[in-house]
Amino acid sequence: MTTSNTTEPRPFNRSTVDVPPAPQPRLVHIGLGAFHRAHQLWYTQHSEDDAAHPQWGYASFSGRSADLANALQSQDGLYTLVERGPDSDEYEVINGIVEAHPAENVSRLWELLAAPSTAVLTITVTEAAYNLGEGLAFDPEQSAVAADLETLKAAIDGAFGLSEAGVPATMAGKVVVGLAERRRQDAGGLAVVSCDNLSANDLAAHNAIQGLAAAVDPELGAWVEENVSFVATSIDRITPRTEDSVLADVARETGYTDQVPVVTEPFRSWVLQGEFPAGRPDWEKAGAEFVADIEPFERRKLWLLNGSHSLMAYAGQLRGHATVAEAIGDPVCRMWVEEFWDEAAQHLTTPGLDVPDYRDALLDRFSNPRIAHNLAQIAMDGSTKLQMRAVPVLKAERQAGRAGTAAARAIAAWIAYLDGRTEVSDARSELVLEANPKPVDERVRALIAVLDAELAQQEDVVDQINELVDSLK
Ligand code: CS2
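### Section: the overall build of the chain
Here's step 1: Per the secondary structure count, the chain includes 22 helices and 11 strands.
Here's step 2: Relative to its length of 473 residues, the chain is compact, with a C-alpha radius of gyration of 23 Å against a globular reference of 23 Å.
Here's step 3: Seen through its principal axes, the chain has C-alpha atoms that stretch 70 × 65 × 45 Å.
Here's step 4: For the chain, the exposed surface amounts to about 19900 Å²; the carbon and sulfur share of it is 48%.

Next comes the structure, spelled out in structure tokens:
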């Protein structure tokens, strides 16, 4: 008698799954996480001319935790992407990660950045990890930057090598070492593509990396300026943290035990502007758009999608909701979102932006009941996110002689949400916590100042936000 074993999931790696051969690592990524795997890897896989012989592989490095890199390594880089629509799921094995490394493996990062075969470095390290000052300026005073500067100068002065001087801790610090090595090996230019949700993310990456390189060694700074291109992008795909239940979904549907699948929405978009001196995948084949002026696209996404996300993250949680789908299903939150969109839309007038269609699509995306996008996840790093998502809309409205109440409400919701908190998930938590416990009237002003010094000086703005904070409690 034979028994069938078909319900037992099989191990998941290159010897058990039918996938094309692993491509060469010609792309490097810093910030290996769910978004990278749902977005850049999907675009790269779908841009190959010959799917059976892929040309563009990724060597991806964790930003912090080593767990994901180790799990991926044990699966030969393979993972399942689950596209979760409102009614059903699609499962796809992604083949493009050919090396997954924990952040500590800097020597491999430097080797790859110096290799002539490496054409592109993409980055997702979160908005705050660029460690820039006002106006996205390079800021050697920031403690993480100052520490890396010291490490790099000590190494470059030749007094002792990098290992004795310690390893730089910031993304920019690590990249600068790799670029110095690339220059030493005369390996030519490459493109740096920030895929973080920052306005002018090309400038942010440039100022963080080239600024540090120039501060360490002016000649290296000049080489970076000359050889490295910084590409601006607007990236979009809602990718919540993977819930444990997804592992069981994948095992049931595919028959494999993937330890690290990713769930994402069906929608995706990638707009880019800039040069690629060492080549790149044909991402447009997968639907990426290359444009001459990215700014209007960037604003549309940061204000309409991310701005309303942040508004819901704070106002929605105050109203007892846990996910985006719950918040947008609440008529009050929905009204605040629509009011915020009305204000933002006044400043999104470039032809071709199709704001009404974009808004309709957002309502569908936010309402997807099968995507559990936690508001608490979006609420993180509010002090940096609101600077790009709500402050510019409020300022533009005031400039036009209007109150900007809906944008001010997003800021007020953050302040109301922080009330009484002694811990906060924010890369600038020290600043936020210092401003937070002050007496009520000073607290509101102090927190506005964390976002924008100029707004905090305007009495009518402070009064307006104060009233909104009261009304949200
Ligand atoms: C979200 C974004 O967590 C957040 O701050 O607003 O991650 C958002 O889901 C993506 O930008 C969508 O493309």
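### Observations concerning the site of the ligand
Here's step 1: Taken together, the neighbourhood of the ligand is formed by N197, D236, R237, I238, K301, N306, H309, H373, I378, K385 and R389.
Here's step 2: Measuring from an oxygen atom of the ligand, one finds a side-chain N or O atom of N306 at 3.0 Å.
Here's step 3: In the model, an oxygen atom of the ligand is placed 2.8 Å from a nitrogen or oxygen of the H309 side chain.
Here's step 4: Across the complex, the protein chains shield 89% of the 340 Å² of accessible surface that the ligand would expose by itself.
Here's step 5: Its residues assigned to classes, the shell around the ligand comprises 2 nonpolar, 4 polar and 5 charged.
Here's step 6: Here the shell around the ligand spans two domains, since at least three of its residues come from each of domain 1 (25-290) and domain 2 (295-472).

### Details of the sheet that holds strand β7 (residues 190-194)
Here's step 1: Reading across the sheet, the 8 strands line up as β5-β2-β1-β6-β7-β8-β10-β11 and stay open at both edges, with mixed pairing between neighbours. Looking at strand neighbours, the two that pair on one side only are β5 (97-101) and β11 (289-290), the edges of this open sheet.
Here's step 2: Its contacts with the sheet place helix α9 (residues 218-227) against β7 and β8 (228-236), and it is angled at close to 60° to β8.

### A word on the side chain of R359
Here's step 1: Inspection of the secondary structure puts R359 in helix α14 (residues 355-367).
Here's step 2: Leaving out residues up to four positions away in the same chain, R359 has contacts with L304, E338, W341, D342 and A345.

### Quick word on the sheet that holds strand β9 (residues 262-264)
Here's step 1: The sheet built from 3 strands is open, its strands ordered β4-β3-β9 with mixed pairing. The open sheet has two free edges, formed respectively by β4 (89-94) and β9, since each of these has just one partner strand. Averaged over all neighbouring strand pairs, the angle between strand axes comes to 25°, with direction disregarded.
Here's step 2: Strand direction decides the pairing type here: strand β3 (residues 79-84) and β4, joined by 6 bridges, are antiparallel. Residue pairing in the sheet places L81 in a bridge with E92 of β4.
Here's step 3: Sheet strands in contact with helix α10 (residues 245-254) are β3, β4 and β9, and its direction is about 100° off that of β3.

### Observations regarding the packing of aromatic side chains
Here's step 1: In total, this model carries 8 aromatic pairs according to the counting rule given.
Here's step 2: Ring geometry for F276 versus W283: centroids 6.0 Å apart, planes at 75°, classification edge-to-face.
Here's step 3: Measuring from centroid to centroid gives 6.3 Å for F276 and F290, while their planes differ by 70°, and the two rings are edge-to-face. In this pair, F276 sits in the loop between β10 (269-273) and β11 while F290 sits in strand β11, placing the two residues 14 residues apart along the sequence.

### Thoughts on the domain arrangement of the chain
Here's step 1: Looking at the assigned domains, one finds that the chain contains domain 1 (25-290) and domain 2 (295-472).
Here's step 2: Between domain 1 and domain 2, the C-alpha centre-to-centre distance is 28 Å.
Here's step 3: Counting from both sides, the interface comprises 29 residues of domain 1 and, opposite them, 24 residues of domain 2.
Here's step 4: Summing both partners gives a buried area of about 2200 Å² for domain 1 against domain 2, and 55% of it is carried by carbon and sulfur.
Here's step 5: With its nearest N and O atoms 3.0 Å apart, the salt bridge here joins R370 to D89.
Here's step 6: Applying the counting criterion to the domain 1 and domain 2 interface returns 11 residue pairs in polar contact (both at pLDDT 80 or more).
Here's step 7: Those elements giving two or more residues to the side of domain 1 that touches domain 2 turn out to be β8 and β9.
Here's step 8: In terms of residue count, the dominant contributor to the side of domain 1 that touches domain 2 is β8 (3 residues).
Here's step 9: A class-by-class count of the residues in the side of domain 1 that touches domain 2 yields 11 nonpolar, 9 polar and 9 charged.

Rules and cut-offs
- Residues numbered from 1 in each chain as written.
- Predicted model: local features only at pLDDT ≥ 70, side-chain atom pairs only at ≥ 80, totals over all residues.
- Heavy atoms only, no water.
- Helix = DSSP H or I, 4+ residues; strand = E, 2+ residues; numbered from the N terminus.
- Rg over C-alpha atoms; globule rule 2.2 N^0.38 Å.
- Areas by Shrake-Rupley, 256 points an atom, 1.4 Å probe, with all protein chains shown as cover.
- Near = heavy atom within 4 Å.
- Polar contact = N/O pair within 3.5 Å; in protein donor to acceptor, adjacent residues only side chain to side chain.
- Nonpolar A, V, L, I, M, F, W, Y, C, P; charged D, E, K, R; others polar.
- Domains from an automatic or database assignment.
- Pairing = 2+ DSSP bridges.
- Contact = heavy atoms within 4.5 Å.
- Axes fitted to C-alpha atoms, helices over the stretch in contact; angles between N-to-C directions.
- Phe/Tyr/Trp six-rings, centres within 6.5 Å; stacked < 30°, edge-to-face > 60°.
- Buried area = accessible area lost by both parts, 1.4 Å probe.
- Salt bridge = Lys/Arg side-chain N within 4 Å of Asp/Glu carboxyl O.

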